[in-house]
Amino acid sequence: MAEQHHLVVTTRGRGSVDITDDIAALVRHAVANTGVAHVFVRHTSCGLAITENADTTVRRDLETLMQRWAPDGDPAYRHDLEGDDDMAAHARALLTGVCLTIPFSNGRLLLGTWQGIYLFEHRAQGHQREIIVTLTA
Amino acid sequence: MAEQHHLVVTTRGRGSVDITDDIAALVRHAVANTGVAHVFVRHTSCGLAITENADTTVRRDLETLMQRWAPDGDPAYRHDLEGDDDMAAHARALLTGVCLTIPFSNGRLLLGTWQGIYLFEHRAQGHQREIIVTLTA
Amino acid sequence: MAEQHHLVVTTRGRGSVDITDDIAALVRHAVANTGVAHVFVRHTSCGLAITENADTTVRRDLETLMQRWAPDGDPAYRHDLEGDDDMAAHARALLTGVCLTIPFSNGRLLLGTWQGIYLFEHRAQGHQREIIVTLTA
């Protein structure tokens, strides 16, 4: 029987928020002993990714690359209703994705030592972002 | 106990097909009340992605960016047996991915308001594309 | 009840290793008849992807593109403690992702004919890479 939880994460504009502890806390109290944590973000202009948790310059460099991959205000964009970061945010969300599946066992996420789970805000402004975590066994 | 369904989607060449309603219909009749819909496409030259469902220019702009990320007929490609779009299609499939996991509850996909589920055809010609949807609880 | 298995894959530096048979073997002996194989790699400088299994030039061309998307030793990188391939490897891992979900039925992965499951080593040197496979029904 799947367990489902809702989280709300407040972002401060473009950048990443570490949500590892939030997911780990749900897994710690899971009824199931062994299974998978499915993490899903209900938006199209932010994303979820697992990346290095030790040196914060990794995530800064990822932002540098994302700006190249999907530049703000590119003249080729047709979709720009909400500003220069609007279409860039959707494109970044395509590249990072909006869902992750992470194994757990004995109340612990089976992440590697250097892995953290991050919500990447792709819009320039901060937002309230809804995340659904489903634990299946 | 997982429920598994097969869908076939006909594409008309490069571009995206909205499959949200197809997945929602399966979830509506699911035996399980709460769980995850796993969507998987059995090909290497098309992909699955969740993106904005309101303004169609978003998906047009994504096509513009994908053409930059993986240009058709790039002189560096060694793999070009099936034409200029062949290797580009595999590269686009790497970036979009071929699997999605979407939570559901009470017979409804828990998508955000602006999220749609799309099959992205990455080949120039249309194809019949097989999708497997597994509902787990 | 989920079944969980640990695999270790030895890589020889940048490039891809076919792990399809390893996952298929676990599914062949699964207790569940129908479900999903969740594959997860516990690192931030390698990734998992499903791509063409017939012509090896596809994966060579993907390497060519990844070198463009995240060049080794880019002067913009701040994170370069472990050499020119360090940050590039994290960026490639973001693009390929670290988790896959693949449906199975009757002891067989439901991959398409041309789909293989690959571990992409993104570092220049070889590593021992830990993979967790969770089978849920």
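In this text, all values refer to a predicted model and were calculated from it rather than measured experimentally.

Trainee: Quick question: what am I supposed to make of the interface of chain A and chain B here?
Mentor: Interfaces are often described in size by the accessible area the parts lose on coming together. In this complex, chain A contributes 29 residues to the contact, which on the side of chain B involves 33 residues. Broken down residue by residue, the surface that chain A buries against chain B is led by Phe40, Thr44 and Leu94 of chain A, which jointly contribute 24%. Here chain A is connected to chain B by 10 residue pairs in polar contact (both at pLDDT 80 or more). Secondary structure elements with two or more residues in the side of chain A that touches chain B: strand 3 (34-41), helix 3 (86-96), strand 5 (99-105) and strand 8 (128-136) of chain A. Looking at the side of chain A that touches chain B element by element, the count peaks at 5 residues for helix 3 of chain A.

Trainee: Any chance you could explain the relation of the copies chain A and chain B here in plain terms?
Mentor: Relating the two copies of this chain is a rotation about some axis coupled with a shift parallel to it. Superposition record for chain A on chain B: RMSD 0.0 Å, screw rotation 120°, translation along axis 0.0 Å. Such a combination of turn and shift is consistent with a three-fold rotation axis. Taking C-alpha positions as the reference, the residue of chain A nearest the rotation axis is Leu95 of chain A, at 3.6 Å. Take the interface residues of chain A: only 17% of them recur as interface residues in chain B, which is what a contact between different surfaces looks like.

Trainee: How should the relation of the copies chain B and chain C be read in this particular structure?
Mentor: Under the fitted operation, chain B is carried onto chain C by 0.0 Å of movement along the axis and a turn of 120°, and the coordinates agree to an RMSD of 0.0 Å. Comparing interface residues between copies, only 17% of those in chain B also lie at the interface in chain C; the contact surfaces differ.

Trainee: What exactly am I supposed to notice about unusual backbone geometry here?
Mentor: Leave glycine aside and you will find that most residues have negative phi; peptide bonds, for their part, are mostly trans. All names here are of chain B. Phi is positive for Asn106, close to 50°, though the residue is something other than glycine. Along the chain, Asn106 falls in the loop between strand 5 (99-105) and strand 6 (108-109). Overall, Asn106 belongs to the exposed group, its relative accessible area being 58%.

Trainee: Please clarify how the environment of Ile50 of chain B should be interpreted in this entry.
Mentor: Structurally, the position occupied by Ile50 of chain B is in strand 4 (residues 46-52). Note on Ile50 of chain B: relative accessible area 6%, which makes it buried. Setting aside anything within four residues of it in sequence, one finds Ile50 of chain B in contact with Phe40 and Val98 of chain A together with Leu100, Ile102, Leu111, Gln115, Gly116 and Ile117 of chain B.

Trainee: Looking at this structure, I do not really get the nonpolar core. What am I missing?
Mentor: As a rule of thumb, nonpolar side chains are buried together in soluble globular proteins. Among the nonpolar cores identified, the biggest contains 81 residues, and Leu109 of chain A together with Leu109 of chain B are the most heavily contacted of them. Apart from the residues within four sequence positions on either side, Leu109 of chain B is in contact with Thr20, Ile23, Ala24, Val27, Ala37, Ile102, Pro103, Phe104 and Ile117 of chain B. Formed by 45 residues, the second largest nonpolar core is a distinct cluster that contains Trp69 of chain A, Ala91 of chain B together with Trp69 and Met87 of chain C.

Trainee: Help me understand the pattern of salt bridges, please; the structure alone is not making it clear to me.
Mentor: With the rule as written, the count across this model stands at 21 salt bridges over all chains. Residue Glu130 of chain B is joined to Arg42 of chain B by a salt bridge in which the shortest nitrogen-to-oxygen separation is 2.9 Å. Of this pair, Glu130 of chain B sits in strand 8 (residues 128-136) while Arg42 of chain B sits in the loop between strand 3 (34-41) and strand 4; the two residues are 88 residues apart in sequence, bridging distant segments of the chain. The salt bridge partner of Arg123 of chain B is Glu82 of chain B, with a shortest N-O separation of 2.8 Å. Taken together, the residues span a long stretch of sequence, with Arg123 of chain B in the loop between strand 7 (115-121) and strand 8 and Glu82 of chain B in the loop between helix 2 (57-69) and helix 3 (86-96) at a distance of 41 residues. Look at Glu82 of chain B and you get exposed, because its relative accessible area is 53%. Residues joined in a network through salt bridges with shared partners are Glu82, Asp85 and Arg123 of chain A.

Reading the values: rules and limits
- Residues numbered from 1 in each chain as written.
- Chains lettered and ligands numbered in written order.
- Predicted model: local features only at pLDDT ≥ 70, side-chain atom pairs only at ≥ 80, totals over all residues.
- Heavy atoms only, no water.
- Contact = heavy atoms within 4.5 Å.
- Buried area = accessible area lost by both parts, 1.4 Å probe.
- Polar contact = N/O pair within 3.5 Å; in protein donor to acceptor, adjacent residues only side chain to side chain.
- Helix = DSSP H or I, 4+ residues; strand = E, 2+ residues; numbered from the N terminus.
- Least-squares fit on C-alpha atoms with pLDDT ≥ 70 in both.
- Buried < 20%, exposed > 50% of the residue type's maximum accessible area, 1.4 Å probe, protein only.
- Core = buried A, V, L, I, M, F, W, Y, C linked by side-chain atoms within 4.5 Å.
- Salt bridge = Lys/Arg side-chain N within 4 Å of Asp/Glu carboxyl O.

By themselves, these observations are geometric and do not establish any function.
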